[in-house]
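In case you want the letters, here they are:
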Amino acid sequence: MDKPLVQKVVIAGGGTAGWVAAAALAQQLGRLIEITLVESDDIGTVGVGEATIPTVQAFHKLLALDEREFMRATQGTFKLGIAFEHWARQGDRYIHSFGSIGKSTWMADFHNVWLEAKSKGFGGELGDYCFELQAAEADKFYTSDSSPMNYAYHFDAGLYARYLRGYGEARGVKRIEGKISRVEQNAATGFVDALVMETGERVPGDLFIDCTGFRGLLIEQTLKAGWEDWGQWLAMDSALAVQTASNDEMLPYTRSIARQAGWQWRIPLQHRVGNGLVYSSEHLTQEEARETLVKNLDAKPLFEPRLIRFRTGRRRKIWDKNCISMGLSSGFLEPLESTSIHLIMIGVTRLIQLFPFFGCTPALIERYNDLSRNEFERIRDFIILHYKLTERDDTVFWRQCRDMEIPETLKERIALFLERGFAYQAPGDLFRVDSWVQVMLGQRVKPQGRHLIGRMMGDDAQLKKALDSLKANISAAVAKLPRHKDFVQSYCPAQPE
């Protein structure tokens, strides 16, 4: 056990997944391992994942990134949540914010206090008690070392990969340009021994990371790790992506707008806006999807919308033998809650924690796969939630979503909230209680019961006074914030393209 068996790490594929993995490994384990990344400039990347969630901040701290520098390099803006429009009913709108709502205790979460107030005829909207949500609605933002805000980013995924490439290469990552012609396996163990390039160059390694996208060159085409399809719950299998010029509006949140057979995203960057339509090809032709997207753009498209086909699901083995899949090669969950980049980051963070210095053993592989499987399935359930809880019946698509059978794990969560207003974050869950509460209430779930902690705060007048005070404090704090666009232009202005 004195001499490590795994020292040479080879990453197949670049893009966001490849360079996120390379950057993290180089920063954290660069003194112990050699890292080589193989990619071809001739192979395009999907590169439409421009929205993140707050976990990105913790990852950037691992890399010791300078926020202003990274934001300037990627045309970044700030994100306080996601606005969902027309999801439960036509005309509905709610924000799933990143902030904490009110003040919770160990006994019960704040929304139970709010539910008590609502039962008495006052209390307003739950979002009135969330600083980040109110800042988003007011188009305000500010951050500093002492700022309590919980936020994420919008950025150009292609520029992000380029930025991390420079970061990784500065820390010793070796990049090889070219296409992989075949994968060489050990005849006895089935482990991957090397990648063989079209030029004939052989790239040997001890551990391989598959970042080759949907095709899964190593994990599936070579090792046959298997695929678990989730199309029965998440019918979307296509997306059209396009960019438009920016305008004066630079909202600090992502917009997710439900359409007749899917949903449209709008993500503001500094010099352009990312747009797209995620849809079910069973319910919408490509021509109909393009028409829906283009007619609902706020500005003229900068190019013809680009089609992306995908399958929703995950690899049965995300780590198989000496190969770990990351990014699209490991699985795909539509970008409704902006989790794609998070899954890459948690994948490499988990690898760093469980790094197989002394060999890829069955117990180590199973532990990694168990953690990955649980996270994928819990995020899957959270995304299904948005579709299942619709009340729309204006199209076949929405009726099928409303009436579909769902995983038992999600049935339990919905039942608990409906019966008693109870939501929870299990160990390893990505989404917090406040996230589940905001989406379920936003999708018109009305709890039939609640924890009665609100009655312990005194009579109705005292409860109302406490809530009014909390709401007033948040309103006063938001009023002091600068406009989001003004803050971006003073804090991290990007250079024009």
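Note that this is a predicted model, so its numbers are computed, not measured.

**Q** Break down the overall build of the protein chain for me, citing the residues and quoting the values.
**A** Per the secondary structure count, the protein chain includes 14 helices and 21 strands. For 497 residues, the compact-globule formula gives about 23 Å, and the C-alpha radius of gyration of the protein chain, at 23 Å, lands near that figure. In terms of its C-alpha atoms, the protein chain occupies a principal-axis envelope of roughly 75 × 50 × 50 Å. Per-residue burial over the protein chain gives 57% buried out of 497 residues. Considering only residue pairs separated by 6 or more positions, the protein chain has 77% of its internal contacts joining residues 24 or more positions apart.

**Q** Tell me about the side chain of Ser435, and name the residues and values.
**A** Among the structural elements, Ser435 can be located in helix H12 (residues 433-442). A residue is classified by how much of its surface remains accessible, and Ser435, at 5% relative accessible area, is buried. In this view, Ser435 contacts His96 and Phe382; residues no more than four positions away in its chain are not counted.

**Q** Please give an account of helix H6 (residues 157-170) that cites residues and values.
**A** Here H6 spans 20 Å end to end across 14 residues, near enough to the 20 Å set by a 1.5 Å rise per residue. All of the buried residues in H6 are Ala157, Leu159, Tyr160, Ala161, Tyr163, Leu164, Tyr167 and Gly168. In the core, the buried residues of H6 are packed alongside helix H1 (15-29), helix H2 (55-63), helix H3 (67-74) and helix H8 (340-353). Measuring from the backbone nitrogen of Gly158 back to the side-chain oxygen at the start of H6 gives 2.8 Å, which picks out Asp156 as the cap. Residue Gly172 follows H6 closely and has a positive phi angle near 100°.

**Q** Can you explain the sheet that holds strand S8 (residues 180-185)? Please cite residues and give values.
**A** A sheet is described by the order of its strands in space; here three strands give the open sequence S8-S9-S10, paired in antiparallel fashion. Unpaired on one side and paired on the other, S8 and strand S10 (202-204) mark the two borders of the sheet. Each neighbouring strand pair of the sheet contributes to a mean axis angle of 25°, computed without reference to strand direction. Here three bridges tie strand S9 (residues 192-197) to S10, and the two strands are oriented antiparallel to one another. Bridge pairing in S10 links Leu195 to Val203.

**Q** How would you summarise the packing of aromatic side chains if you had to cite specific residues and measurements?
**A** Tallying each qualifying case throughout the model produces 31 aromatic pairs. Centroid distance Tyr387 to Trp398: 6.0 Å. Interplanar angle 20°. Geometry classified as stacked. Of this pair, Tyr387 sits in helix H9 (residues 362-388) while Trp398 sits in helix H10 (residues 396-403), and the two are eleven residues apart along the sequence. For the pair Tyr387 and Trp398, one class covers both residues: buried. Stacked on the ring of Tyr167, the Lys or Arg Arg171 has its end atom at 3.6 Å from the ring centre. Between the NZ or CZ atom of Arg380 and the centre of the ring of Trp230, over which it lies, the distance is 4.9 Å.

**Q** Can you explain a nonpolar patch on the surface? Please cite residues and give values.
**A** A contiguous nonpolar patch, built from Trp106, Met107 and Met456 and spanning about 440 Å² of accessible area, is present on the exposed surface. As for its placement among the helices and strands, Trp106 is situated in the loop between strand S5 (93-97) and helix H4 (110-119).

**Q** Explain the nonpolar core residue by residue, including any values.
**A** Formed by 144 residues in total, the largest nonpolar core has its most connected members in Leu25, Phe78, Leu351 and Tyr387. Look past the residues within four positions of Leu351 in its chain and what remains in contact with it is Leu25, Leu207, Ile209, Trp319, Ile324, Met326, Pro356 and Tyr368. By size, the runner-up hydrophobic cluster in this structure holds 17 residues, among which are Ile176, Val183, Val192 and Phe208.

**Q** How would you summarise the pattern of salt bridges if you had to cite specific residues and measurements?
**A** One side chain can pair with another of opposite charge once the charged atoms of both are near each other. For the structure on display, the rule yields 36 salt bridges. With its nearest N and O atoms 2.5 Å apart, the salt bridge here joins Arg413 to Asp429. Here the residue Arg413 occupies a position in helix H11 (residues 408-420), and Asp429 occupies one in the loop between H11 and H12, the gap between them amounting to 16 residues. Accessibility classification places Arg413 together with Asp429 in one group, the buried group. Through salt bridges with shared partners, a single ionic network connects Glu116, Lys120, Arg450, Arg455 and Asp460.

**Q** How would you summarise the sheet that holds strand S18 (residues 313-315) if you had to cite specific residues and measurements?
**A** Strand order in the open sheet formed by three strands is S12-S18-S21, and the pairing between neighbours is antiparallel. Of all strands in the sheet, those bounded by a partner on one side alone are strand S12 (227-229) and strand S21 (331-332). Alignment of S18 against S21, held across two bridges, turns out to be antiparallel. Looking across to S21, one finds that Arg314 is bridged to Gly331. Contacts from H9 reach S12, S18 and S21 within the one sheet, and its direction differs from that of S18 by about 175°.

**Q** Outline the pairing of strand S1 (residues 8-12), listing residues and values.
**A** When a strand is regular, its side chains alternate between the sheet's two faces. Across the five residues of S1, four count as buried, placing the element largely inside the fold. Taken together, the five bridges between S1 and strand S2 (residues 34-39) define a ladder with parallel strand orientation. Within the sheet, the bridge partner assigned to Ala12 lies in S2 and is Val38. Note on the crossover from S1 through H1 to S2: the handedness is right-handed.

**Q** An account of the packing of H3 against H6 is needed here, citing residue identities and associated values.
**A** Relative orientation and spacing of two packed helices are given, respectively, by the angle between their axes and the distance between those axes. Taken N-terminus to C-terminus, the directions of H3 and H6 make an angle of 130°; their axes are 8 Å apart at the nearest point. With respect to H6, the axis of H3 lies oblique. Judged by the sense of rotation from one axis to the other, the crossing of H3 with H6 is right-handed. Between H3 and H6, the residues in contact are Glu69, Phe70, Ala73 and Thr74 and Leu159, Tyr160 and Tyr163, respectively. Among the residues making up the contact of H3 with H6, the classes are represented as five nonpolar, one polar and one charged.

Cut-offs and rules
Residues numbered from 1 in each chain as written. Predicted model: local features only at pLDDT ≥ 70, side-chain atom pairs only at ≥ 80, totals over all residues. Heavy atoms only, no water. Helix = DSSP H or I, 4+ residues; strand = E, 2+ residues; numbered from the N terminus. Rg over C-alpha atoms; globule rule 2.2 N^0.38 Å. Buried < 20%, exposed > 50% of the residue type's maximum accessible area, 1.4 Å probe, protein only. Contact = heavy atoms within 4.5 Å. Expected span 1.5 Å × (residues − 1). Polar contact = N/O pair within 3.5 Å; in protein donor to acceptor, adjacent residues only side chain to side chain. Pairing = 2+ DSSP bridges. Axes fitted to C-alpha atoms, helices over the stretch in contact; angles between N-to-C directions. Phe/Tyr/Trp six-rings, centres within 6.5 Å; stacked < 30°, edge-to-face > 60°. Lys NZ or Arg CZ within 6 Å of the ring centre and 35° of its normal. Patch = residues over 30% accessible without salt bridge, like charges linked within 9 Å, V, L, I, M, F, W, Y side chains within 5 Å. Areas by Shrake-Rupley, 256 points an atom, 1.4 Å probe, with all protein chains shown as cover. Salt bridge = Lys/Arg side-chain N within 4 Å of Asp/Glu carboxyl O. Core = buried A, V, L, I, M, F, W, Y, C linked by side-chain atoms within 4.5 Å. Right-handed = clockwise from strand over helix to strand, strands pointing away. Parallel < 35°, antiparallel > 145°, perpendicular 65-115°, else oblique. Left-handed = near helix turned anticlockwise from the far one by under 90°. Nonpolar A, V, L, I, M, F, W, Y, C, P; charged D, E, K, R; others polar.

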